[in-house]
Amino acid sequence: MALMLCFLFVHLVAFVYSNGDYQNDKLVSVTATIGMPWPLPQQYSSTPAVYTINRNVFKFRATDQSCDILESAFFRYQTIIFGYREKTLRFHPKLFLKAGSLTVLDVNVKSKCDRYPYLGMDESYNLTIGAAGATLNSNSVWGALRGIETFSQLVLQQNKDMFTVNGTTISDFPRFQHRGLLLDTSRHFLDVSVIKQNLLAMSQSKFNVFHWHIVDDQSFPYTSVEFPDMSSKGAYDSRHIYTQDQIAEIIEFARILGIRVIPEFDSPGHSQSWGKAIKDLLTKCYSGSQPNGQYGPINPSLESSYSFLSKFFAGVAKVFPDHYLHLGGDEVNFDCWKSNPNITAFMKQKSFGTNYVKLEEYYVQRLLDIIGGMNKGYMIWQEVVDNGAKISKEAIVEIYRNLAYMQDVYLTTLKGYRTVLQACWYLDLIKYGVQWQAFYACDPGNFNGTAAQKKLVIGGETCMWGEYVDNANVLSRTWPRASVVAERLWSAQSVNNANAAAPRLEEHRCRMIKRGFPAETVNGPGYCPQEYSIPV
Amino acid sequence: MVPPQLGTLGPGSQTYLHSYTAPSTDNLTVSTSPRLTCATVWGALRGLETFSQLIYNEGEESSLFINKTTIIDEPRFRYRGIMLDTARHFLPMPILLKNLDAMAYNKFNVFHWHIVDDQSFPYESVVFPSLSEKGAYSGKLIYTQEDIRHVIQYARLRGIRVVPEFDTPGHTQSWGEAFKSLLTPCWVDGKEGVAKPLFHGAYEIFDPSRESTFDFLQKFIGEVVEVFPDQYLHLGMDESYPSCWKSSPNITAFMKENNITTYVQLMQYYVTRVLDIVQSTNKSYVIWQDPIEEGTKASPDTIVEVWRGNSTVPWQNYMSEVSKHGYKTILASCWYLNYISYGQDWKKYYQCEPLNFTGTAEQYDNVIGGEVCMFAEYIDGTNLLSRLWPRASAVAERLWSRRDVKDVESAKFRLDQQRCRMLKRGIPAQPILDGYCGDYEFGFPGSNGIYETSEKRPRTPPAASSAAGVFLSLLSVTFISCFCFMV
């Protein structure tokens, strides 16, 4: 009977409260769970057995393969789990089956560590905490990283030195391979330390891709070794740039967290800031027979454009170790091209008629050939493929347009492209109230297609475009809402009940705050055991 | 001009900004012998803030400059407030204090502290300590008497009044944690203390049928008026939906005994008794518009806060109606900054003109200002400051500057500058336009704003300290004359 009560107690925490429910003793909207992971593992069960952990004695131990990534995780999680000293805690478990103490987590990585994370890496792991001890098994170091994060979420602090964890059995792997967050450092610059904070926050919900929309119309903060003028003329000012060293720092920081860095150099549109340094790169717009001083997308009719792109991207390819580069290709406005007589002549020469889609396709194909020649893969926005351009099946297509996006996923996979969904997860489009449930409900596999098509959907990304976001608010605006997308992309398709997830999300938010991240409120009135504050 | 009145309190001769201080006119001239002239110390504060905004540095240089300037200034409205809600989410002290700084940078002069509500009771009462012991979210999430004194003093030095709101009879679930008998038991099917989903909880809204309710309020208000030195106390009185009262046979009986025929009258009975209690302490009160709409009579110096308005009945209608009753009126309806949306919503806050309603000259005279409301269902220490600023700055200008200063296109660059200035001063004010703030991005060494990162960043001395140095030397050749009343 006592065992039954213990069992019930442990699962009591998954209670659900609706808004303003008067059955609470406090009118909090959602009461947080205690010691439950986010995102939810594929298979997860816990027992009432409670193991104590003394922070002064506990250690991680690599029992098979190891490397810098694993050692770094051991060091990092020591502080994450044990580093925050609580003076008094309100949680006093009434029923407490003390089953023994845990002094070590054995981490068993089967294969030799890879250096860099990559698309399709094995992130599976299983975690057992029981009478025989605590063991984490994984095929790769990436699985170990994911498993250690999960472990850190199960451990609870009881007092200054004493921590506890329940008997647990977890078998876990991600549903989708590509799970990304996009940040935009062109509309507003983001400090290197803010980017790192975001990477740490990402690792807490097992994101594995940082899609770095590094440049755009407004500013060019990327320092190109081959073309240094691009940043000296195109950045907002000399303080708003990323040096090569800083970029290497960010890539390294991400690598240690098992996060790929995919830079996006968007062209031919979204490239105003490129034109300040590179003469004749952008199309001159004409009014009548004269240039009017305005510039449009990159000029696709000049060979100089392609020799520039070749040299520029050769540099980029050396800087970013991931196999994939994002080449953009969205929102190309044809008006400027149409106004330019040299382009008109070029169109005639190429027999494109008046179909500017063909000109866009021509540009993209040439760009992809350049990149392909460097032995890199590429991601592109959906327009290129939507417009009917025939491009290599190697390209990964990203769906961002909001109208009928699942239809777009269907069509793109029908054409045989690997697809990444972003359209329903625009974090920058803020709204009053509980918004996260809509993000949770969006599912990239939710369309009528063949098994082959479904297999081509490799994942998704959530985006924080930078028009209204910078160092002052990017962290609170991104978190924990981005975590909601993380669960959608990691956990099983059947894990889709937002009401059931709410208490776990509430705990996840408070956990992020405890770890020093300003994860904002998402469920309405309530509180965290430690509230976020600022230095006095 | 009416001689300035300064409220004084207690033997310490501390001066507080009084609600009816005459407009703090100040003159500021910057030339070879800069001079700031003002009638009161409050004018001096506003003038110094203006002076601080005139100083700038050019590009990437470190020298500071100020142009030759002449300013004559005074606020259009004398009540310019920000309401924070510390009940739906607790706001830690550093956040409250930083917000007071931000308010001072924008010449706001009232901190309306919506300190308790249904969800939690973080106010540590001396007379009834169990209110926070039982009603706060947790033992750590409370405001001690010392915290409150700190806030009041911090505000005072910035010329900001602290007007606390203890909202009753509705919005009081958390009070019932300590004193169940304050709340009316609601009835369902002959059973007492039962909730009816979508209608009422098991217990809710203060019970006007018990004398104990008013005894309690007498003692509680007796304490509150000692703790908060401002002449005004906000009594709430909004959204007192009567469904619980309607369900209770005890209430029905009480009404019968006392010849109260409608629930509006019952509410009026409650309101009048509370207003009498406050009046007997010689304090005045601010109330939300609800009781006045229902015809309750309040004392002549009452301030009524208009909060209603939607697409069917715009706030202008409510302003017309409420200001007819002759009370001082403040507008909040169009300035609910907790209602976020994508894009440059500051423009609509900027363009909300408080006198843009149909009324007589006398009605317009009754409008003494307005407030930004930040109800905290979705706000806490993680996002309050970035969400409130610089959007609230748009309201600050609407309430201070002349009515004809209303063009958003010319305001936007000045607002962007104000935003960058606040970043420099350590307020994480969020962006309104694409672009950048030079040296002052939040977190840059040039900014006073720091955030905790897992890696310790070396904190270089902020540029502001050199600004302070220059300022002090400017001050040494500045002659500030203030004809200040120090009683």
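These remarks concern the structure in this document.

## Notes on the interface of chain A and chain B
Piece 1. Counting residues at the interface gives 62 residues for chain A and 67 residues for chain B.
Piece 2. A buried area of about 5,200 Å², summed over both sides, lies between chain A and chain B, and 56% of it is on carbon and sulfur atoms.
Piece 3. The interface formed by chain A and chain B includes three salt bridges.
Piece 4. Between B:R387 and A:E520 there is a salt bridge whose closest N-O contact spans 3.0 Å.

## Some thoughts on the state of the cysteines
Residue and element names in this part refer to chain A.
Piece 1. If you walk through the whole model with that rule in mind, you get seven disulfides over all chains.
Piece 2. Here C510 engages in a disulfide with C528; their sulfurs sit 2.0 Å apart. Its S-S torsion of approximately -80° makes the covalent link between C510 and C528 left-handed. Here the residue C510 occupies a position in helix α17 (residues 498–514), and C528 occupies one in the segment after α17, the gap between them amounting to 18 residues.
Piece 3. For C510, a relative accessible area of 10% corresponds to the buried category.
Piece 4. You can call C528 buried: its relative accessible area is 0%.

## Here's the deal with the packing of aromatic side chains
Piece 1. Scanning all chains against the criterion turns up 71 aromatic pairs over all chains.
Piece 2. Summarising the aromatic geometry, the rings of B:F111 and B:W113 are spaced 5.4 Å apart at their centres and angled 20° between planes, so their arrangement reads as stacked. An identical accessibility class is assigned to B:F111 and B:W113; each is buried.
Piece 3. On the numbers, 5.7 Å between centres and 10° between planes, the contact of B:F216 with B:F220 is stacked. Separated by four residues within a single helix, B:F216 and B:F220 lie in helix α6 (residues 211–227), roughly one turn from each other.
Piece 4. Residue class for B:F216 comes out buried when judged on its relative accessible area of 6%.
Piece 5. We classify B:F220 as buried; its relative accessible area is 1%.
Piece 6. For A:R366, the ring lying beneath its charged end belongs to A:Y306, and the centroid distance is 4.0 Å.
Piece 7. B:R425 extends its terminal NZ or CZ atom over the ring of B:Y105, reaching a point 4.7 Å from the ring centre.

## Looking at helix α9 (residues 263–280) of chain B
Residue and element names in this part refer to chain B.
Piece 1. The first and last C-alpha atoms of α9 sit 26 Å apart over 18 residues, in line with the 26 Å expected at 1.5 Å per residue.
Piece 2. Here α9 has its buried residues at L266, M267, Q268, Y270, V271, V274, L275, I277 and V278.
Piece 3. Within two residues after α9, N282 carries a phi angle of roughly 70°, on the positive side.

## Some thoughts on helix α2 (residues 93–105) of chain B
Residue and element names in this part refer to chain B.
Piece 1. Compared with the 18 Å implied by 1.5 Å per residue over 13 residues, the 19 Å span of α2 between its first and last C-alpha is a close match.
Piece 2. Among the 13 residues that make up α2, 13 are buried, leaving the element largely enclosed by the rest of the structure.
Piece 3. With its phi angle positive at about 65°, K107 sits one or two positions after the end of α2.

## A few points about the pattern of salt bridges
All names here are of chain A.
Piece 1. Tallied over the entire structure, the rule returns 46 salt bridges over all chains.
Piece 2. We note a salt bridge from R187 to E467, for which the minimum N-O separation is 3.5 Å. Pair noted here: R187 is in the loop between β9 (178–184) and α4 (192–204) and E467 is in the loop between β18 (457–464) and α15 (474–478), with a separation of 280 residues, a long-range link.
Piece 3. Overlapping salt bridges, with partners in common, bring together D68, R115, E252 and R255 in one network.

## Here's the deal with the nonpolar core
Piece 1. Formed by 215 residues in total, the largest nonpolar core has its most connected members in A:Y222, A:W274, A:F312, A:F320, B:Y123 and B:W389.
Piece 2. When residues in this core are grouped by element, the largest group, nine residues, is from helix α10 (residues 356–373) of chain A.
Piece 3. In this view, A:W274 contacts A:V215, A:F220, A:M230, A:F265, A:D266, A:L281, A:I298, A:F308, A:L309 and A:F312; residues no more than four positions away in its chain are not counted.
Piece 4. In terms of nonpolar packing, the next biggest core, distinct from the first, is built from 38 residues, A:C113, A:M121, A:Y125 and A:V165 among them.

Conventions used here
Residues numbered from 1 in each chain as written. Chains lettered and ligands numbered in written order. Predicted model: local features only at pLDDT ≥ 70, side-chain atom pairs only at ≥ 80, totals over all residues. Heavy atoms only, no water. Contact = heavy atoms within 4.5 Å. Buried area = accessible area lost by both parts, 1.4 Å probe. Salt bridge = Lys/Arg side-chain N within 4 Å of Asp/Glu carboxyl O. Disulfide = S-S within 2.5 Å. Helix = DSSP H or I, 4+ residues; strand = E, 2+ residues; numbered from the N terminus. Buried < 20%, exposed > 50% of the residue type's maximum accessible area, 1.4 Å probe, protein only. Phe/Tyr/Trp six-rings, centres within 6.5 Å; stacked < 30°, edge-to-face > 60°. Lys NZ or Arg CZ within 6 Å of the ring centre and 35° of its normal. Expected span 1.5 Å × (residues − 1). Core = buried A, V, L, I, M, F, W, Y, C linked by side-chain atoms within 4.5 Å.

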